[in-house]
Amino acid sequence: MAAQTLTIGKALNLGLRKAMEDDAKVVLMGEDIGRLGGVFRITDGLQKDFGEDRVVDTPLAEAGILGTAVGLAMRGYRPVCEIQFDGFVFPAYNQIVTQVAKIHARSRGKLAMPIVIRIPFGGGIGAVEHHSESPEAYFAHTPGLKVVAVSNPVDAYFGIQQAIAHPDPIVFLEPKRRYWEKAEVDPDTTPEPLFASRVVRGGDDVTVLAYGPMVKTALQAAEAAAEEGRSLEVVDLRTLSPLDLDPVFDSVRRTGRCVVVHEAAVTLGLGAEIAARVTETCFHSLEAPVLRVGGYDTPYPPSKLEEEYLPDLDRVLDAVDRSMGF
Amino acid sequence: MAAQTLTIGKALNLGLRKAMEDDAKVVLMGEDIGRLGGVFRITDGLQKDFGEDRVVDTPLAEAGILGTAVGLAMRGYRPVCEIQFDGFVFPAYNQIVTQVAKIHARSRGKLAMPIVIRIPFGGGIGAVEHHSESPEAYFAHTPGLKVVAVSNPVDAYFGIQQAIAHPDPIVFLEPKRRYWEKAEVDPDTTPEPLFASRVVRGGDDVTVLAYGPMVKTALQAAEAAAEEGRSLEVVDLRTLSPLDLDPVFDSVRRTGRCVVVHEAAVTLGLGAEIAARVTETCFHSLEAPVLRVGGYDTPYPPSKLEEEYLPDLDRVLDAVDRSMGF
Amino acid sequence: MSVSSATTEVVDPVPGAEAPHLPQQPDLVQLLTPEGERVEHPEYSLDLAPDELCGLYRDLVLVRRWDVEATALQRQGELGIWASLLGQEAAQIGAGRALQPGDMAFPTYREHGVAWTRGVDPLDVISLFRGVDNGGWDPVATGFNLYTVVIGAQTLHATGYAMGLQRDSAETATIAFLGDGATSQGEVNEAMIWAASFSAPVVFFCQNNQYAISVPLERQSRVPLYQRAAGFGFPGVRVDGNDVLAVLAVTRAALQAAREGQGPTFIEAFTYRMGAHTTSDDPTRYRLASELEEWKLRDPIARLKAHLSRSGAADAAFFDSVEAEADELAVRIRRGTVEMPDPPGTAMFDHVYAEQTPHLAAQQAEFEAYQASFEGGEH
Amino acid sequence: MSVSSATTEVVDPVPGAEAPHLPQQPDLVQLLTPEGERVEHPEYSLDLAPDELCGLYRDLVLVRRWDVEATALQRQGELGIWASLLGQEAAQIGAGRALQPGDMAFPTYREHGVAWTRGVDPLDVISLFRGVDNGGWDPVATGFNLYTVVIGAQTLHATGYAMGLQRDSAETATIAFLGDGATSQGEVNEAMIWAASFSAPVVFFCQNNQYAISVPLERQSRVPLYQRAAGFGFPGVRVDGNDVLAVLAVTRAALQAAREGQGPTFIEAFTYRMGAHTTSDDPTRYRLASELEEWKLRDPIARLKAHLSRSGAADAAFFDSVEAEADELAVRIRRGTVEMPDPPGTAMFDHVYAEQTPHLAAQQAEFEAYQASFEGGEH
Ligand SMILES: Cc1ncc(C[n+]2csc(CCOP(=O)(O)OP(=O)(O)O)c2C)c(N)n1
Ligand SMILES: Cc1ncc(C[n+]2csc(CCOP(=O)(O)OP(=O)(O)O)c2C)c(N)n1
Ligand SMILES: [Mg+2]
Ligand SMILES: [Mg+2]
């Protein structure tokens, strides 16, 4: 593959293809991922090329998908499970939390669980109930799992391959409303490590943290702030479990101010953990408490209300203002 | 009932009995809760007195318990579901998160969900895997649910009745290793509100927050600290969602220091949310960051290791020391 | 043993799933042939007056028109998405008309036809697909629960509700709708286990429309779905889902058995999703046009119309009047949709709890202040 | 309709659940009567040499002794809990001995007998119940997965593993153990749906020991459990679970069918839990002593012993030698248990991940420093 401009969706598709070419043990499983290519077409064309044994259209039951993935992993396979939408991961929750997350520890390392759970997550697509949620905290609170969220085509392309090659189970979150965002992807570059956050825009006044779909929002806010002479440093967290906060600590030690942005409900969202850790580590550098911008503590609303529910540029700037006001 | 000394277990039993006497719509459901009276005997004798229609031994499936409870609630009943052990709530997770928590909002208030989900939680009983977990953050992060944790017989007796009478779904956490702790319960006193935290010991140096089984640990720590001339204020949080932090803010404004204790894994445990909120609200009063004492970010270990996993008096005091050292 | 060989060894493939040949299926209850001929069935009889037959025809035509209009509204950007019932009208009207007022129905997201029979305003269904709310009707007043999007979850609710009916000594029953794909969900199987264990008055009404989005029935079951019930210890029956009379008769009998304490029944309505899964779907990716053509020959409306004409139960004037009524309905739906107001932003806070928490009240107040700051031109 | 009347209307109650009368059940495969008489079955034959029969007897006696010793160790505070297999020895030994080396077994928490047949050291099982670890054996090397405590979860693992066998063109099979109570879990039903859909080489081996803790079988199913499988489109069979020969024959046949690509089988081993659910349980609260007495007449060991004596396959010397071996085993288990070292505190951090995270490494370092501070007498 030559360097080319790709959407996040297509980058995932090509990343999956590459992973399947590189390792015959990689098996994709999910609802409608075969002939249809998935409701978002992320697996488009893969069943045609790799066959029904490697791209498996499953019965309609998420516990079944994850539970059989566990068995396949025990047999040496590397299952990549697609959950059709974020809100449908819960029937699989028992398998994920009590089995996938625990089997490596239970067996004292004798059984590996190299399972990737792909979840298109987040809102903003005008969908009906259960199609717009951000369940990442449920997984990040679970020892034994790792959780990553991609925000751009380059991370999508490399990240999915890194996740598949990784020996631990990974919840791989894809920002569904950004599937069509484009960037150039050069397959011959050395990818950044999977479990590392990254400063995506330098700045001096406030450190803004985001991941997945909110990275773009944070960058837009930084752009707007710059016009008003305010300089925001934006960090794409990329990995939610483990968190990679050293770059954040460095940044906050300089800026003294920190705002975390995510779509998930604020209460016990990732922002809570980050606020706690940043405060523990940078206590004497902070000039304001870490502020959180997130979804309200309500169920994700009907789509006519989602613009008001979701953090946007203005709400990020509002938090920046409040932080500066301390 | 006259005032009497009761264990937490017996107080729950009598509280359930009272709730069933007061309201014929109260139905208990769960595995082994009927003839056996539950594995912890919390429902002992209730099937005998109220019959099989009101104390239902269910088939062995937690999604079934919660899912049929939803239907019963729609029909005007008030189901009280027992989950046998914390680690077995996950098969019901889909029903709890996508249905129980959301139906009131989905129906714009036309369908009430007065369901109580009783979960004996936490460790320290020398049990095998899945019998010692602290899943409260999974619920407290879920809008639409309320979460309470009792720590003593008085709250157990009144709390279970208040929870059953309440119109919203409540995850009711019972500190299983404290089931046998005793105190006098006078049924004729006016109970404290269900959704209120309470200062259970006054102090000046550090505010220590705990709930459920850790309240006793926190009080022991306060006792030990007092001997060394250090004065800890201990707050029993009692309600985890919503949190009732006003008394905490008042306390921290005086002490300037705060330690949160729970058994759940530290990362994204309740301590994260509390640390974030206390810091937001009491920023200028804090002389040290809010420190967290919790389970390590590992699966709950085999029981020979649980003493080392679980926060104890020493670990609380260690955190207090660290807080004072800032 | 290779997988390919193993997976092709399907035992007792579902007849009709690939190349429909309904009449050859001895276990399929039918009262009206695709050609509109009235036939008898040894176990299920039905005696309807002409105006009752006409009423069913009217139902079928009106819900199809509603559906067509909603699909058009989605294409024009007025709805976020629409789940079409095209081809499943008879299954839904037959089941819905079998219900008595006190019965309670638990739909999926596609039972617009059943909604219709429960007196739910089409606009109250459309508001969900427009993103205004999650369905505007009153589930208690209509005896029709809100739509449930999480596959299968409602089957347990229906069973629990039925357990409530038992406790109330109510002489009513519940009906749980589900799709063929839903039969694979653990919760659906638990619902059947519960229903059997408690002899709950619930009917499981499965519209086997041959697909779960793109996945054909064979992936979910290699034996006919109605046979599932026997494994749980209660009767299952397969009915021609495109035959409104057979569906009505079979569902009536099952509901009556439930009301009389005989416990659950599983009904497999053998039908076909003639449209896309939803307006977001592209069925050309996974099924052949010829399959659709075959099923068009079994159209549920055409066969009742043929029967009404042939038997003389209805004349051209009747058909015209139904057509006119359908046109009016379409106009009303269109106007009601485009004029439907957006909800206020605060609506998302309103009913999270029956007793709102102080925390959420504070969040709402912040939200309101923030919104007001724009109106005041502060930002 | 009142609930009480509804719940007493059990259709086709499971025969033998309340008052066992096994011989009257035509659908129960039996090769050895409770009296130790060898009988033939039209479909299942078994031809074992005397030493093979003696081997089975030895297995039964040794696993019972292990079980008795473990129960005693628990009473003496050496184990946190123990799940006894008393009464289920034949079901477990029969199933375990039907396995070939390459097959993979997925147990619950009670299959000590199967563990034995897979060469797992009893002490590696006991370490779990002592709280030292979650089972000390190597699941891959032994072909015996670790115990799974969450009811039913392992049935999906077994099915997935079987799908892996298909992809490897391996001529082996998997066996998933489950209890009667487990059949109500959604995941177990999903496992059967998956197995049928993919024709996976997996055998579901259900030990119907009549109880899920205190809950009798009737609450889970009103028809015999083996009939569940037909609803999913694959064969189910009920075998006398106290007859080691019948269990061996039936399980062998099912495994062989699986290996040959014929897909899954469900085996219901009809047996009885003669002890408490676990050492924490008190069965006098929910069942009658008389029931236990009846089942004692069907003891799995007594009947094989009778057969061995009567047929002359074994003599008193043999029985004595097995007894002596059992005594030795008991001593070894006792000594191994009380001498079992506690794990180091850091063990809880070791295998959370294959690649430990920097965060957890830091937590572990803190933990170690904190522990060291005590040793240094700092606290
Ligand atoms: C738990 C869950 N998983 C996945 C989905 C996504 N999804 C929506 S409809 C559907 C297919 C349903 O098929 P079926 O049950 O046959 O009903 P039909 O749509 O054909 O009426 C899927 C997979 C969902 N809504 N819920
Ligand atoms: C998901 C889950 N829920 C509840 C439990 C608690 N529990 C342990 S064993 C048991 C009964 C199991 O009965 P059965 O399947 O018949 O197996 P048996 O113990 O009789 O061998 C229960 C309810 C559990 N382990 N897992
Ligand atoms: Mg379908
Ligand atoms: Mg059992």
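All figures in this text were calculated on a predicted structure; none of them were measured in a lab.

Conventions used here
- Residues numbered from 1 in each chain as written.
- Chains lettered and ligands numbered in written order.
- Predicted model: local features only at pLDDT ≥ 70, side-chain atom pairs only at ≥ 80, totals over all residues.
- Heavy atoms only, no water.
- Near = heavy atom within 4 Å.
- Polar contact = N/O pair within 3.5 Å; in protein donor to acceptor, adjacent residues only side chain to side chain.
- Areas by Shrake-Rupley, 256 points an atom, 1.4 Å probe, with all protein chains shown as cover.
- Contact = heavy atoms within 4.5 Å.
- Buried area = accessible area lost by both parts, 1.4 Å probe.
- Salt bridge = Lys/Arg side-chain N within 4 Å of Asp/Glu carboxyl O.
- Helix = DSSP H or I, 4+ residues; strand = E, 2+ residues; numbered from the N terminus.
- Donors = N, O, S within 2.8 Å, 3.2 Å for Na, K, Ca; no water.
- Buried < 20%, exposed > 50% of the residue type's maximum accessible area, 1.4 Å probe, protein only.

Trainee: Honestly, the site of ligand 2 in this entry has me stumped. Any pointers?
Mentor: Lining the immediate surroundings of ligand 2 are 20 residues, of which B:Glu62, D:Tyr109, D:Arg110, D:Val149 and D:Asp180 lie closest. Backbone polar atom of D:Ala182 to an oxygen atom of ligand 2: 3.0 Å apart, as the coordinates give it. Out of a free accessible area of 590 Å², ligand 2 has 95% covered by protein chains.

Trainee: Where do I start with the interface of chain A and chain B in this structure?
Mentor: Accessible area lost on assembly of the parts is the figure often given for the size of an interface. Taken together, the contacts link 46 residues of chain A with 46 residues of chain B. Interface of chain A and chain B: buried area, both sides summed, is about 4000 Å²; carbon and sulfur atoms make up 66% of it. Three residues, A:Tyr138, A:His141 and A:Leu268, lead the burial of chain A against chain B; their summed loss comes to 19% of the area buried on that side. Applying the counting rule to chain A against chain B returns 8 salt bridges. Across the salt bridge formed by A:Glu129 and B:Arg106, the nearest N and O atoms sit 2.8 Å from each other. In this assembly, chain A and chain B are joined by 19 residue pairs in polar contact (both at pLDDT 80 or more). Breaking the side of chain A that touches chain B down by element, the ones donating at least two residues are α4 (93-100), α5 (103-106), α6 (136-140), β13 (258-265), α10 (270-282) and β14 (291-295) of chain A. A per-element tally of the side of chain A that touches chain B places α10(A) first, with 8 residues.

Trainee: I would appreciate a short explanation of the site of ligand 1 in the present structure.
Mentor: Around ligand 1, the structure places 20 residues, and the nearest of them are A:Glu62, C:Tyr109, C:Arg110, C:Val149 and C:Gly181. In this structure ligand 1 sits where residues from chains A and C come together. A distance of 3.5 Å is found between a nitrogen atom of ligand 1 and a side-chain nitrogen or oxygen belonging to A:Gln84. C:Tyr211 is positioned such that a nitrogen or oxygen atom in its backbone is 2.9 Å from an oxygen atom of ligand 1. Taking 580 Å² as the accessible area of ligand 1 by itself, protein coverage stands at 95%.

Trainee: Could you clarify how one ought to interpret the coordination of the magnesium ion (ligand 4) in this entry?
Mentor: Four donors placed tetrahedrally around a metal ideally meet at 109.5 degrees, and six donors placed octahedrally ideally meet at 90 or 180 degrees. All names here are of chain D. Looking at the magnesium ion (ligand 4), the protein donor atoms are Asp 180 (OD), Asn 209 (OD1) and Tyr 211 (O), and they sit 2.0 to 2.1 Å from it. Written as a sequence motif, the donor residues of the magnesium ion (ligand 4) are D-x28-N-x1-Y. On the criterion of sequence distance, the pair formed by Asp 180 in the loop between β3 (174-179) and α8 (186-197) and Asn 209 in the loop between β4 (202-208) and β5 (211-212) is long-range, its members being 29 residues apart. The buried category is assigned to Asp 180, whose relative accessible area is 1%. Judged by relative accessible area, which is 5%, Asn 209 ranks as buried.

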